[in-house]
Each structure stands twice: as C-alpha cells, then as structure tokens.
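Descriptive structure summary
Here is how the chains run, residue by residue.
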Amino acid sequence: MKRYSIFSLVRNALSYHENWPKAWRSPDPKPAYDVIIIGGGGHGLATAYYLAKEHGITNVAVLEKSWIGGGNTGRNTTIVRSNYLMPESLALYDHALKLWEDLSQDLNYNVMFSPRGLLHLAHNVHDMQEIGRRGHAINAAGVDSEFVTREQVKAMVPIINLDCRYPVMGGLLQKRGGVARHDAVAWGYARGADARGVDIIQNCAVTGFRMDGGRVQGVETTRGFIAAPRIGVVVAGNSGALAAMAGFRLPIETTPLQAMVSEPLKPIIDCVVMSNTIHAYISQSDKGELVIGGSSDPYNSYAQRGSFDQIEHVVGPIVELYPALSRIRLMRHWAGITDITVDRSPIMSKTPVEGLFINCGWGTGGFKATPGSGHVFAHCLALGDLTPMAAPFTMDRFHTGALIDEGAAAAVAH
Amino acid sequence: MLPIRCPWCGEREQTEFSYGGEAHIVRPTDSADLTDAEWGDYVFFRTNPRGLHYERWFHAFGCRRWFNMARDTVSGAIHGTYRPGEPRTDVPDAPRVPVAGGDGGEG
C-alpha cells in the first residue's frame, strides 16, 4: 500500500493525478479461505480490516454481491454518537466512537470524522425526564453528555424556532458526536484490509451455504463454491434472507429508512440537531447540503426506496422547527433497508450452524457503530466465541428475555 | 404510495392504513407448557421474507377492521387482500426465497 501523505499528493500532482495506484485489488476468489465475511459494507470491511490488523488473520475474503459500500453504508445520514441509555450499548457505541476519533490516522485515509457536537432536543416534560435519565446514565458510565437550556440551544442553532408547535424546552448535548464521510469509511477499510492481504470480491452474491453435520463448510456463490471453516454474515437488511439460506430465522424485520439532502447552502447549522418527539434530524454536509432523516417506513420492505407520505412526515416538522428552510429545494432522497430488532439493539451472535456467525440488527443506527462493530466482531471470529462486549447481544436474549431495550430511549438520530 | 383494496371498503390510499406485521401467526394455546425458546420464537422471530409476504393491515382511517394481504416485499406489488379466516391468496408464480422454519400456521 502506498501511503497517502502531503508528499504523495505533490508527487502525483506533478503527473496530473493520472498515476495514483488503485486503492484495492479486484482478485478472483480462491477456492478456500480461513474466514469468509459476507457483506462488503462498512461493518464487513471493518471486520476484515481488524481481523488482519489485530489478529493476524489475513487469509480472508469479503464477498459483496454488488459494489462495496453500496448498501446502507452509502445510504445513511452519517451521524456518529454514543449517547445510549443501556450500559451494554453505551460500552459498545462508545468503543466505536473512540475508534472513530483516530480512524483517519489509523487507516491513513481521511474519513472526515467531524465531532461537531450533537444536540438532542426536548419538547415536553416527558422528553425532559427522558434526557435527564439518559444524560445521568451516560455521565455515570463516564461518557460525555451535558444538559443545555433553551437559550443555549438558540445560541447554538440560531435558525431554530424555539416556540414551534411543540416548544423546545432544553436539550442534551454530546460534544464528541458528529458526522463522518460515509463512502470514505468503506473505502478506507477496504484499502487497509486489502493491503494486509484480504481479498475483496465484488459482484459475488452468496446463493447458499454448504453444510456437513451442522457445520458450515463454505458458501455457494455466483462465482462458484468457496470453502471456509468460519463465516461471518454482515449483510444488514438482507440478514433474514441469508439466515433462511442457512435454515434458521432471526428476530428481525426489514424496513426502509429514508433520508434526503437539500440543495447546497452557505453554512447554516454547525452541529447535528435531532428530535425524538417530532422525529426528524438534520445536519449540514461539508458540501453545504442539509442532510435530513426521520423514522423508518412502517412496513416490511426490501425495496431500497420508501413511500412518499413518509417524506412529508419528516419535512413537515423540519420546516416547523426551522421556518427559514421552508423554501429550500430537496435534491435527492433515497432509502436503505434496515434490519430492525424488537429491542432496537444489534445482534452479534453464534447461530444454530456451527462456524457461522452473524452480526446484524443494527437497524436504523448502524453507521455510527461501524468501527466498533467490526472491531468486536473480528475478535469474535478470531476467537471462535463471543467476547464480553458482544456477549449481551447474542440472539439467545430473545429466548432468555434479557433484552437490551433501547427502543423507548434511543435518541432517534441514526 | 400504494393503493390498497380493503376487503371491507374497497380501494383506498395507503395512508389510511396501518401495518400489523406478519399474518397467520397463531398464539400457542399451551403457553404454560412451552419452553422459553418456543415462547421466544412465537413472540420475536419472524420469517421476514425477501419476496412474497403474508401480512396484517388495519384500516385505521376507515372501517377500523383488520384484514390480510399478500404483498411482495421487493416490488411492493399487492397480490391480493382477504378477510381474516378466509384462505390466503395463492400466488403460485411469485418470486420466493427459502423461508426457514415454515411460514407460520393458519389463523
């Protein structure tokens, strides 16, 4: 891997940037690997990267049915935060946030992580109680979180209309939260993994598993059979379909989550602002586009598009909260398909098939967890067992009842 | 937005309806005898197919009655709606993926 630096930039500028090497290879699949990771999104690529970097397991293939980072990694609102309620989630998401903080240096790839602060609004007494409870829980866990008043909200976000239909009463601020460049995360991990010997195989869809006596032997793909004793499934919205191929069900339902961007504007919002009650969140990209998201569509769907009425449910509250934005035009809107568990917490688990591990259920909030998810799941795959950080997130919790109930308390923005 | 034919009222806009999850899941009558795993399967685990899905809908801003629908979760195409207790709409040529653990009971 040629390191990126000011010198490589200058050197390549002299040849009109025509001689940059490819960031990763496009190898043909080998007949067998030590580990196969199904799914070339951020989580899958991060898993491969940490397998190679932290555990020295480099005979690894990442199988991607289309192009890397083309699924939810390229379809989210790029928000990064760790202000969760439950201790298990706090540990996992803050582990991810700590990795985000020096990810660009670690990968030698600018993921444009911008901890610009993340503000969560409270619009009623219940919201104030909820942020009170969550804020104190977060502080007690040693993660940063502070309460801000109405006046401080207005100072941070001058365009906000505090006296909208559901007046803003206060907020919860995580200063370490922010946004990152979604594509760069996939590309940076791909480049780092490839440089350590991982084969990233695009346009290679898994069509089935080959099993022998309850043990996985490998995967059938559109490019032939590939053997591996240990396989990790990291396919977000399509987890149910992969699980069905392996003969088990998941406590997951797949729904689209939409997002949209406006035309580019001059800088107008310099932090991430989200609201649980009106269910909309907004930030401004470095290009000046306002990135807007809301709640997922209310029915199961694998279509990477959502329903139009949902857009109105998101845009209406945004315009009520920020009247100055009422005339801006939306440029694009899209949807990713999210794998939602009933307790809104992810699943990192062994499966009924020996050797087959699954990392899914990140639902509407997976992007922020990308480095942590990959780091922890890589450790599980290397170990052949769940690590303490992953253990609470096993699939068994839906049988034992030890759910990690973030559903009621999650801070919406994803 | 999908136009949905309520089997009680006729065709209306999707915004009049709310979604009720997978259909034909029967509550076990012997719940006291079930293991935690069996009960967990009933409560939390779903077929979540990529393709033909039998699901419940509720005509929230209409007759406020429940009904079932056969819908494709990829294309959004609705193959039919029917009242509870009626046989499910058969869709012989619908794209199917393997569904683990059968596709629920009748109900």
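Residues numbered from 1 in each chain as written. Chains lettered and ligands numbered in written order. Predicted model: local features only at pLDDT ≥ 70, side-chain atom pairs only at ≥ 80, totals over all residues. Heavy atoms only, no water.

**Looking at the overall build of chain B**
Inclusion rule: Counting from the N terminus, the helices are DSSP H or I runs at least four residues long and the strands are E runs at least two residues long. Buried, partly exposed and exposed residues are distinguished by accessible area as a fraction of the type maximum, computed with a 1.4 Å probe on protein chains only: under 20%, between the cut-offs, and over 50%, respectively. Whether two residues are in contact is decided by their heavy atoms, any of which lying within 4.5 Å being enough.
When helices and strands are counted, chain B shows one helix and six strands. Secondary structure of chain B in N-to-C order comes out as β-β-β-α-β-β-β. Counting only residues that meet the buried cut, chain B has 44% of its 107 residues in that class. Looking at chain B alone, contacts between residues at least 24 apart form 50% of all its contacts between residues at least 6 apart.

**Things to note about a nonpolar patch on the surface**
Here is the rule: Only residues above 30% relative accessible area that lack a salt bridge enter a patch, with like-charged residues linked at up to 9 Å and the nonpolar side chains Val, Leu, Ile, Met, Phe, Trp and Tyr linked at up to 5 Å. Using the Shrake-Rupley algorithm and a 1.4 Å probe, accessible areas are obtained, with residue cover drawn only from the displayed protein chains. Salt bridge criterion: a side-chain nitrogen from Lys or Arg within 4 Å of a carboxyl oxygen from Asp or Glu.
Taken together, the side chains of A:Ile6, A:Phe7, A:Leu9, A:Val10, A:Leu14 and A:Trp20 define a hydrophobic patch exposed on the protein surface, amounting to about 650 Å² of accessible area. Here A:Leu14 lies in helix α1 (residues 6-14).

**Some thoughts on helix α10 (residues 370-383) of chain A**
Residues and elements named next belong to chain A. Selection criterion: For a helix, the expected span equals 1.5 Å multiplied by the residue count minus one.
Compared with an ideal rise of 1.5 Å per residue, which puts 14 residues at 20 Å, α10 spans 20 Å between its outermost C-alpha atoms and is within 8% of the ideal. With eleven of 14 residues buried, α10 is to be regarded as a mostly interior element. Turning to α10, its buried residues are Thr370, Pro371, Gly372, Ser373, Gly374, His375, Val376, Phe377, Ala378, Cys380 and Leu381.

**Notes on the packing of aromatic side chains**
All names here are of chain A. Going by this rule: Pairing of aromatic side chains here covers Phe, Tyr and the six-membered ring of Trp, requires ring centres within 6.5 Å, and sorts the geometry by plane angle: under 30 degrees stacked, over 60 edge-to-face, intermediate tilted. Ring-over charges, as used throughout, are those where CZ of Arg or NZ of Lys falls within 6 Å of the ring centre and within 35 degrees of the ring normal.
One pass over the full model with this rule turns up 17 aromatic pairs over all chains. Seen in terms of ring centroids, Trp100 and Phe113 are 5.8 Å apart; in terms of plane orientation they differ by 25°. Their pairing is stacked. Of this pair, Trp100 sits in helix α3 (residues 87-101) while Phe113 sits in the loop between α4 (103-107) and β4 (118-122); the two residues are 13 residues apart in sequence, bridging distant segments of the chain. Across this residue pair, the class does not change: Trp100 and Phe113 are buried. Judged by centre distance (5.3 Å) and plane angle (45°), the ring pair of Trp100 and Phe367 falls under tilted. Highlighted residues: Trp100 in helix α3 and Phe367 in the loop between β19 (356-360) and α10, separated in sequence by 267 residues. What makes Trp100 buried here is its relative accessible area of 1%. By relative accessible area, which is 8% here, Phe367 ends up buried. Above the face of the Tyr4 ring, Arg191 is positioned so that its terminal group lies 3.6 Å from the ring centre.

**Details of the sheet that holds strand β18 (residues 347-350) of chain A**
Residues and elements named next belong to chain A. Our working definition: When DSSP locates at least two bridges between a pair of strands, those strands are taken to pair. Orientation is described by axes fitted as lines to C-alpha atoms, over the contacting stretch for helices, and by angles from 0 to 180 degrees between their N-to-C directions.
The mixed open sheet is built from six strands, whose spatial order is β8-β2-β1-β12-β19-β18. Taken across any chain shown, the strands that pair with only one partner, and hence form the sheet edges, are β8 (199-201) and β18. Taken pair by pair, the neighbouring strands of this sheet meet at an average axis angle of 15°, ignoring direction. One ladder, built from three bridges, connects strand β12 (residues 230-233) with β19; its direction is parallel. The residue of β19 that forms the bridge with Val233 is Ile358.

**Digging into the sheet that holds strand β15 (residues 280-284) of chain A**
Residues and elements named next belong to chain A. As summarised here, the arrangement of the eight strands in space is β5-β6-β4-β14-β15-β16-β13-β17, forming an open sheet in which the pairing is mixed. Each having just a single partner strand, β5 (146-149) and β17 (330-341) make up the two edges of the open sheet. Between one strand axis and the next, the sheet turns through 20° on average, direction left out of account. The strands touched by helix α5 (residues 125-140) are β4, β5 and β6 (170-174); relative to β4, the strand with the most contacts, the crossing angle is about 145°.

**Some remarks on the domain arrangement of chain A**
Residue and element names in this part refer to chain A. Our working definition: A domain assignment, automatic or from a database, supplies the domain bounds used here. Here the quantity called buried area is the accessible surface, traced with a 1.4 Å probe, that two parts lose on coming together, added over both. Counting of polar contacts relies on pairs of N or O atoms within 3.5 Å, with two restrictions inside protein: one atom must be capable of donating a hydrogen and the other of accepting it, and residues adjacent in sequence are counted only when both atoms are side-chain atoms.
Along its sequence, chain A is organised into domain 1 (31-79 + 182-252 + 343-400) and domain 2 (111-178 + 253-341). Each of domain 1 and domain 2 was reduced to a C-alpha centroid, and the two centroids are 29 Å apart. In total, about 1900 Å² of surface goes out of reach between domain 1 and domain 2, with carbon and sulfur atoms giving 58% of it. Taken together, the links from domain 1 to domain 2 amount to zero salt bridges. Linking domain 1 with domain 2 are ten residue pairs in polar contact (both at pLDDT 80 or more). Every element with two or more residues in the side of domain 1 that touches domain 2 is listed here: α7 (182-195), α8 (239-246) and α11 (397-400).

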